[in-house]
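Structural features, examined
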Amino acid sequence: MNLRLDARQRAMLAEMGGRLPDAPARVPATAATVRTPAAQADAPAAAAGAAEAAGVPVRRPDPAPAPPSAAPPHAAVRMAPGRVVDPGADLATLDWAALQAHVAGCQACGLCATRRNAVFGAGDPRAGWLVVGEFPSEEEDLQGEPFVGEPGRLLDNMLRAAGVSREQGAYLTLALKCRPPPHAQVGATELAHCEAILRRQVDLLKPRVIVAMGRMALQVLVGGTEPLGRLRGRAHAWEGVPVVATYHPAYLLRNPADKAKAWADLCLAMELAEAA
């Protein structure tokens, strides 16, 4: 993707810790300058062998331990049954404080048995931007707030670059309000009630734009099974509100090269918010 940003946008991108890659310089490939991956891997062993041949003692590294076997992504985990409720029951009559209390004591599914705190949201309740993440991380479960820790600090930089913040102009929440157990598959029951809560949050907030961060947020707000990369770069809609798809800050910490794409998504969100 070729991003064309003006000077102001480039400065804002730098504030969120990203930069556009420079065009790579062309270097003539010669036998003296090009080393294959196999040659690079063999170089340390060759140097150690030469040192031993010269009588110099060499301490070779211990073999790397075998990686632990990964649990299957959707391993079956038995969760305690929750109180069966209509996913939309009475939520349309709740004001902001009552909805927050409902989430804090929610027992609509089995996730209530394993969570520490339900995560309702945080930020400006009169915000024009609604940022929706996926499900609570361990730290978010402990603190009861969305987007904390290093991902939260990155998101704060991103929002400031766009001219809003969680203190003014943006409200942050999650698609799933309770943290699922490790390797548990989140099913329709868990998502249905949380979607009804999110719908009521949107009714009360009346945001001008929704920024959906991560696959689960898109599953609730956009639906379908398309990968995130195909959904970003264009406007969607949910409950009559424009929706912009982008990467979760935790993903961007692992893949900083995609910060420029995330910034392009925020530029689209700014345009949609201004036009709303």
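So, a few notes on the structure that sits alongside this text. Per chain, residues are indexed from 1 in the order of the written sequence. Thresholds applied to this predicted model are a pLDDT of at least 70 for local features of residues and 80 or more for the giving and counting of side-chain atom pairs; totals over whole chains, interfaces and linings are not thresholded and use all residues. Neither water nor hydrogens contribute to the side-chain values; these are computed over all heavy atoms in the structure.

**Some words on the overall build of the chain**
Note the following rule: Elements are defined by DSSP. Helices are runs of H or I of four residues or more, strands are runs of E of two residues or more, and each kind is numbered from the N terminus. Relative accessibility decides the category of a residue: with a 1.4 Å probe and only protein chains considered, values under 20% of the type maximum give buried, values over 50% give exposed, and everything between is partly exposed. By definition in these notes, contact holds between two residues if any of their heavy atoms fall within 4.5 Å.
Counting secondary structure elements, the chain contains ten helices and six strands. Buried positions account for 42% of the 276 residues belonging to the chain. For the chain, the proportion of contacts with a sequence separation of at least 24, taken over those separated by at least 6, is 74%.

**Considering empty space enclosed by the protein**
Where we set the bar: Whether a set of points on the 1 Å grid over the protein atoms alone is a cavity depends on a 1.4 Å probe fitting there but being unable to get out, while an open set qualifies as a pocket with protein on both sides within 12 Å along at least five of seven lines; lining residues are those with an atom within 4 Å of a point. Grid points are joined across faces, edges and corners, and a volume is the space filled by probe spheres set on the points.
Evaluation of the coordinates by the stated rule reveals one cavity of 30 Å³ or more. Put simply, the largest cavity is a space of about 110 Å³. What lines the largest cavity is a set of 15 residues, among which Cys 106, Cys 109, Cys 178, His 193 and Cys 194 lie closest to the centre. When residues in the lining of the largest cavity are grouped by element, the largest group, four residues, is from helix H6 (residues 188–205).

**Digging into the side chain of Asp 124**
Heads up, the rule is: The convention is simple: Lys and Arg are positive, Asp and Glu are negative, and His and the chain ends are not counted. Only one rule defines a salt bridge in this text: a Lys or Arg side-chain nitrogen within 4 Å of an Asp or Glu carboxyl oxygen. N or O atoms within 3.5 Å of each other form a polar contact, as long as, within protein, one can give a hydrogen and the other can take it, and as long as residues adjacent in sequence are counted only when both atoms are side-chain atoms.
Structurally, the position occupied by Asp 124 is in the loop between strand E1 (122–123) and strand E2 (129–133). The side chain of Asp 124 is buried and forms no salt bridge, while Arg 126, the nearest opposite charge, is found at 4.0 Å. Among the polar contacts listed, one links the side chain of Asp 124 to the backbone nitrogen of Gly 169, at a separation of 2.9 Å. With sequence-adjacent residues up to four places away left out, Asp 124 is seen in contact with Arg 166, Glu 167, Gln 168, Gly 169, Ala 170, Tyr 171 and Leu 205.

**A few points about the sheet that holds E1**
Formally: Any two strands are treated as partners once DSSP identifies two or more bridges connecting them.
Spatial ordering of the open sheet is given by E1-E3-E2-E4-E6-E5, a layout of six strands whose pairing is mixed. The open sheet has two free edges, formed respectively by E1 and strand E5 (235–238), since each of these has just one partner strand. Alignment of strand E4 (residues 209–213) against strand E6 (residues 241–246), held across four bridges, turns out to be parallel. Residue pairing across strands places Met 213 opposite Thr 246, the latter belonging to E6.

**Things to note about the packing of aromatic side chains**
Pairs of aromatic rings are described using the distance from one ring centre to the other and the angle between the two planes. To keep things clear, this is the line we draw: Any two rings among Phe, Tyr and Trp, with Trp reduced to its six-membered ring, count as a pair given centres within 6.5 Å; such a pair is stacked if its planes are under 30 degrees apart, edge-to-face if over 60, and tilted if neither.
One pass over the full model with this rule turns up three aromatic pairs. Considering the side-chain rings of Trp 96 and Phe 120, the 5.1 Å spacing of their centres and the 75° angle between planes classify their relative orientation as edge-to-face. Placement of Trp 96 in helix H3 (residues 96–104) and of Phe 120 in the loop between H3 and E1 is noted, with a sequence separation of 24 residues between them. Here Trp 96 falls in the partly exposed class, since its relative accessible area comes to 21%. When the centroid spacing of 4.8 Å and the interplanar angle of 20° are considered together, the rings of Tyr 247 and Tyr 251 count as stacked. Residue Tyr 247 is classed as buried on the basis of its relative accessible area of 11%.

**Considerations on the packing of H3 against H6**
Counted only if it meets this: Orientation is described by lines fitted to C-alpha atoms, with helices fitted over the stretch in contact, and by angles between N-to-C directions that extend from 0 to 180 degrees. Roughly parallel covers angles under 35 degrees, roughly antiparallel covers those over 145, roughly perpendicular covers 65 to 115, and oblique covers all other angles. Crossing chirality is assigned from the near helix's rotation relative to the far helix, an anticlockwise turn below a right angle marking it left-handed and a clockwise turn marking it right-handed. Residues were grouped as follows: Ala, Val, Leu, Ile, Met, Phe, Trp, Tyr, Cys and Pro as nonpolar; Asp, Glu, Lys and Arg as charged; and all remaining residues, including Gly, as polar.
For the pair H3 and H6, interaxial distance at closest approach is 11 Å and the crossing angle is 160°. In terms of orientation, H3 and H6 fall into the roughly antiparallel class. Remark: the crossing between H3 and H6 carries left-handed chirality. On the side of H3, the interface is formed by Trp 96, Leu 99, His 102 and Val 103, while H6 contributes His 193, Ile 197, Arg 200, Gln 201, Leu 204 and Leu 205. The residue inventory of the contact of H3 with H6, partitioned by class, reads six nonpolar, three polar and one charged.

**Notes on the nonpolar core**
Note on soluble globular proteins: their nonpolar side chains tend to be buried together. Our working definition: Within this scheme, the nonpolar core is defined by two criteria: the residues are buried Ala, Val, Leu, Ile, Met, Phe, Trp, Tyr or Cys, and they are joined through side-chain atoms within 4.5 Å.
Within the largest apolar cluster, 64 residues are counted, with the highest numbers of intra-cluster contacts made by Trp 129, Leu 130, Val 131, Val 132, Leu 159, Ile 210 and Leu 221. In this structure, Leu 159 is in contact with Trp 129, Val 131, Val 164, Ser 165, Arg 166, Ala 170 and Leu 172, ignoring residues within four places of it in sequence.

**Some remarks on the packing of helix H5 (residues 149–161) against helix H10 (residues 259–275)**
Orientation of H5 relative to H10, taken along the N-to-C sense of each, is 45°, at an axis distance of 10 Å. When the interaxial angle is binned, H5 and H10 end up oblique. Crossing of H5 over H10 shows right-handed handedness. Two secondary-structure elements touch here, H5 through Leu 154, Met 158 and Ala 161 and H10 through Lys 259, Ala 262, Trp 263 and Leu 266.

**A word on the pattern of salt bridges**
All chains considered together, the criterion is met by eight salt bridges. A salt bridge links Asp 265 to Arg 232, with the nearest nitrogen and oxygen atoms 2.9 Å apart. In this pair, Asp 265 is assigned in helix H10 and Arg 232 in the loop between helix H8 (228–231) and E5, connecting sequence segments 33 residues apart. With a relative accessible area of 10%, Arg 232 lands in the buried category. The salt bridge partner of Asp 258 is Lys 261, with a shortest N-O separation of 3.6 Å. Classification of Asp 258 as buried rests on a relative accessible area of 12%. Residue class for Lys 261 comes out partly exposed when judged on its relative accessible area of 27%.

Purely spatial values, then, with no claim about function.
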